[in-house]
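Here are the chains, one letter per residue:
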Amino acid sequence: MLRLSDIHKSYGATHAVRSVSLEAAPGTVLGLVGENGAGKSTLIKIVSGAIVADGGGIELDGQAVVPRSTRHALALGIASVFQELTLVRELSVEQNLFLTDPPVRPWLSIDRRRRRSVATEILARHDLDIAPDARVGDLPLGRQQMLEIIRAVERKPRVLLLDEASSALAATEVDWLAALLTKLRQQGSIILFISHRWDEIVRFCNRVAVLRNGELMAMAETDKLSEAEAVRLMTGQSGTDEAFPNKVAVHGDVALSARELRSDQLAGVSVDLRRGEILGLGGLVGQGQGHLLEAFFGAHGLSSGAILVGELPLDRPTPRRAIRAGLAYVPQERKTEGLLLLKSVGQNITLAILDRLRTLLGVIEPRDEADLIRKAIARAKVRTRGGGELVSNLSGGNQQKVLLEKWLLAKPSILLLNDVTRGVDVGTKRQIYEVIASIAREGVGVIWYSTDARELVGVAHRVLVMLGGRVSAELTGAEVTEDRIVHAAVMGSTPQAEVHA
């Protein structure tokens, strides 16, 4: 039903996609895997009509098609869900569901009563417990992602394109997506599914295509391709695990101390973080982990509680005061909260240290800044044409490297990480693990929230599991296992483990 023939796309001297050909029959879930920058998203955008290929052809049911826009692609029966959400955060759920085609009365005004009724019906049909009048920006990221998926599915597409659509979903929400894809397969739809999680590829996809540097390296039945072989094809290196760095024993003084932090989302959280320690935050999505990190950084208002950085109180915290106290925060949403997309790679890298770069006369020496940017790009192995390239042109993994490097240049004493490996390939994850382990060995205290329990087991010295805005369990040493993290996330305690709140 779908055939791509000799697709290629270049941006200047960069070949994003090189002569890729693949095909899919009705009922196929085709997984696209590869490192960031391998060409997966570019290929999806070509099929979706978001960009036009430089050459090659697309056939749908034997007919040649050239999607000129996402609206044109929808008319052809091709719907897309990208990792970066296209919802309007300021509008309600129902307004977003009918953003481009709201129900109208004969005199062309919007029929709000019918819109509410149909939206309620859609949400119920997809088992999504959200109020139709809820503001989208107030929803957890996972619920926003589910809403985006539902909006695409309601178009009744023949081809559904999912670009890292599961990266923001919790375990139960991934189960929801699995059931939805099974239903679509049975109806004969084709799904192109991009994910960096091999367990999802095995679970969802009956075929898999491996890309590297814009080229198709292999096309196979999923059960015929092992994870080890897929990693070798993706990276040119052997090894299937994340290669977590060795953990070094922590004996440092307390770097950060918080007592009884309370807000609308936090129910009396107390935390101690030592210098050189990587403290993991686990639990189901939306249990206060992100709000806790934001509270430390002064971006989430507290009703009560106390925060000490070293021995100094951080009173009435704001981001500016937190930065001056030595804190740095890498947010979950890099494109809306972490980067200036219309600025260059270099401008984003030096954004947090402009005061340090200024001379006594208040000016910045361009040569010094350019030299620092070049070294930062090389150190972080950012794939870019140079410091002058727009950061929006980079792949998700390379954008994440830029965001991390921005804060590492600020030389923080405490680093707050909010799900920083979401949507990042295995090679980039390894680089991030090494970088964070390295700065922890130098005495930087790290608080790392991750939706991946396996990642927390691999990187953290201790794990605090949160439930309902409070710490439900503290795991240390041999207690830090996936089973215990998941059990505490769901049940609020760990089996045969003492809870330290």
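Everything quoted here is computed from the prediction, not taken from an experiment.

*Asks:* Let's hear about the sheet that holds strand β2 (residues 14–24): which residues, and what values?
*Replies:* Read from one edge of the open sheet, four strands run β2-β1-β4-β5, paired in antiparallel fashion. The open sheet terminates on both sides in strands that have one partner only, identified here as β2 and β5 (63–65). Adjacent strand axes in the sheet meet at a mean angle of 30 degrees, parallel and antiparallel pairs treated alike. Alignment of strand β1 (residues 2–11) against β2, held across seven bridges, turns out to be antiparallel. Bridge pairing in β2 links Y11 to T14. Packing of helix α1 (residues 40–48) onto the sheet brings it into contact with β1, β2 and β4 (55–60), and relative to β1 it is tilted by some 115 degrees.

*Asks:* Before we move on, could you go through unusual backbone geometry and cite the residues and values that matter?
*Replies:* Non-glycine residue D127 carries a positive phi angle of around 55 degrees. Note that D127 resides in the loop between α4 (112–125) and α5 (141–153). Judged by its relative accessible area of 64%, D127 is exposed. For K156, which is not a glycine, the phi torsion comes out positive at approximately 55 degrees. With respect to the secondary-structure elements, K156 resides in the loop between α5 and β7 (159–163).

*Asks:* Any details on the domain arrangement of the protein chain? Residues and values, ideally.
*Replies:* We note that the domain assignment places domain 1 (2–90 + 135–235), domain 2 (242–326 + 413–501) and domain 3 (339–411) within the protein chain. Summarising the inter-unit geometry, the C-alpha centres of domain 1 and domain 3 are found 31 Å apart. Across the contact, five residues belong to domain 1 and five residues belong to domain 3. Of the roughly 400 Å² buried where domain 1 meets domain 3, counting both sides, 34% is carbon and sulfur surface.

*Asks:* Tell me what's going on with the confidence of the model for the protein chain, and back it up with residues and numbers.
*Replies:* Caution is warranted with low-pLDDT regions, since their predicted coordinates should not be read in detail. Overall, the prediction assigns the protein chain a mean pLDDT of 89, with 97% of residues at 70 or greater. Across residues 496–501 the pLDDT falls below 50, and counting only partners more than four positions away or on other chains, this stretch makes ten contacts in the model.

*Asks:* Break down the packing of aromatic side chains for me, with residues and values.
*Replies:* This structure, assessed with the given rule, holds five aromatic pairs. Centroid distance F244 to Y433: 4.9 Å. Interplanar angle 40 degrees. Geometry classified as tilted. Here F244, found in the loop between α8 (227–235) and β11 (254–262), pairs with Y433, found in helix α16 (residues 426–441); they are 189 residues apart in sequence, far enough to count as distant. For F244, a relative accessible area of 25% puts it in the partly exposed group. Considering the side-chain rings of F297 and W407, the 5.9 Å spacing of their centres and the 85 degrees angle between planes classify their relative orientation as edge-to-face. One end of the pair, F297, is in the loop between α9 (289–296) and β14 (304–309); the other, W407, is in helix α15 (residues 396–408), and 110 residues separate them in sequence. Taken as a pair, F297 and W407 share a single burial class, namely buried. Following the ring pairs from residue to residue traces out a cluster consisting of F244, Y433 and W448.

*Asks:* Before we move on, could you go through a nonpolar patch on the surface and cite the residues and values that matter?
*Replies:* On the surface, V486, V490 and M491 cluster together into a nonpolar patch covering about 300 Å² of accessible area. For M491, the position within the fold is in helix α18 (residues 482–491).

Definitions and limits used
Residues numbered from 1 in each chain as written. Predicted model: local features only at pLDDT ≥ 70, side-chain atom pairs only at ≥ 80, totals over all residues. Heavy atoms only, no water. Pairing = 2+ DSSP bridges. Helix = DSSP H or I, 4+ residues; strand = E, 2+ residues; numbered from the N terminus. Axes fitted to C-alpha atoms, helices over the stretch in contact; angles between N-to-C directions. Contact = heavy atoms within 4.5 Å. Buried < 20%, exposed > 50% of the residue type's maximum accessible area, 1.4 Å probe, protein only. Domains from an automatic or database assignment. Buried area = accessible area lost by both parts, 1.4 Å probe. pLDDT = per-residue confidence, 0-100. Phe/Tyr/Trp six-rings, centres within 6.5 Å; stacked < 30°, edge-to-face > 60°. Patch = residues over 30% accessible without salt bridge, like charges linked within 9 Å, V, L, I, M, F, W, Y side chains within 5 Å. Areas by Shrake-Rupley, 256 points an atom, 1.4 Å probe, with all protein chains shown as cover. Salt bridge = Lys/Arg side-chain N within 4 Å of Asp/Glu carboxyl O.

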